[in-house]
Amino acid sequence: MQSDVKHEQIKLAANALNGIGVGTILSSVVAPYIGIAIGSLRPEVDWLNLAGVSAFGLLLGVICLFEAQRRLEKLELAE
């Protein structure tokens, strides 16, 4: 049986990973295209490079989200 403090630490870590994952996905996938739309990023940018960086950020964000979910599932199993 884990203590309440340990449960809260696990939930806090999962919440932090969730926030990092969502922020990574937004900053790597959505932000470059918004930058192009409003003109702060040149439209002559290499689209293959932009897509590659966006895909890498998406993968990192998804990994963070899955890790947060895994930590919360372990918490449920411990109860």
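Structure first, text after, so check above.
Scope of this entry: the structure provided in the associated data block. Bear in mind the structure is a predicted one, so any value in this text is a computation, not a measurement.

A look at the overall build of the protein
Part 1 of the reasoning: Secondary structure assignment for the protein yields two helices and zero strands.
Part 2 of the reasoning: Here the C-alpha atoms of the protein give a radius of gyration of 17 Å, more than 25% beyond the 12 Å that 2.2 N^0.38 yields for 79 residues.
Part 3 of the reasoning: Along the first, second and third principal axes, the C-alpha atoms of the protein reach 60 × 20 × 10 Å.
Part 4 of the reasoning: Buried residues in the protein amount to 20% of all 79 residues.
Part 5 of the reasoning: Considering only intrachain contacts with a sequence separation of at least 6, the fraction spanning at least 24 residues in the protein is 74%.
Part 6 of the reasoning: With an accessible surface of roughly 5700 Å², the protein has 67% of that area assigned to carbon and sulfur atoms.
Part 7 of the reasoning: Distance from the positive charge centre (6 side chains) to the negative charge centre (8 side chains) of the protein: 6 Å.

Thoughts on the packing of aromatic side chains
We describe a pair of aromatic rings using the distance from one ring centre to the other and the angle between the two ring planes.
Part 1 of the reasoning: All told, the structure shown has one aromatic pair when counted by the stated rule.
Part 2 of the reasoning: Consider the rings of Tyr-33 and Trp-47, whose centres lie 6.2 Å apart with planes at 15°: the pair is stacked. A residue pair is termed long-range when its members are at least 10 positions apart, and Tyr-33 in helix 1 (residues 4-38) and Trp-47 in helix 2 (residues 47-78) qualify at 14 residues.

About the thresholds
Residues numbered from 1 in each chain as written. Predicted model: local features only at pLDDT ≥ 70, side-chain atom pairs only at ≥ 80, totals over all residues. Heavy atoms only, no water. Helix = DSSP H or I, 4+ residues; strand = E, 2+ residues; numbered from the N terminus. Rg over C-alpha atoms; globule rule 2.2 N^0.38 Å. Buried < 20%, exposed > 50% of the residue type's maximum accessible area, 1.4 Å probe, protein only. Contact = heavy atoms within 4.5 Å. Areas by Shrake-Rupley, 256 points an atom, 1.4 Å probe, with all protein chains shown as cover. Lys, Arg positive; Asp, Glu negative; His and termini not counted. Charge placed at Lys NZ, Arg CZ, Asp CG, Glu CD. Phe/Tyr/Trp six-rings, centres within 6.5 Å; stacked < 30°, edge-to-face > 60°.

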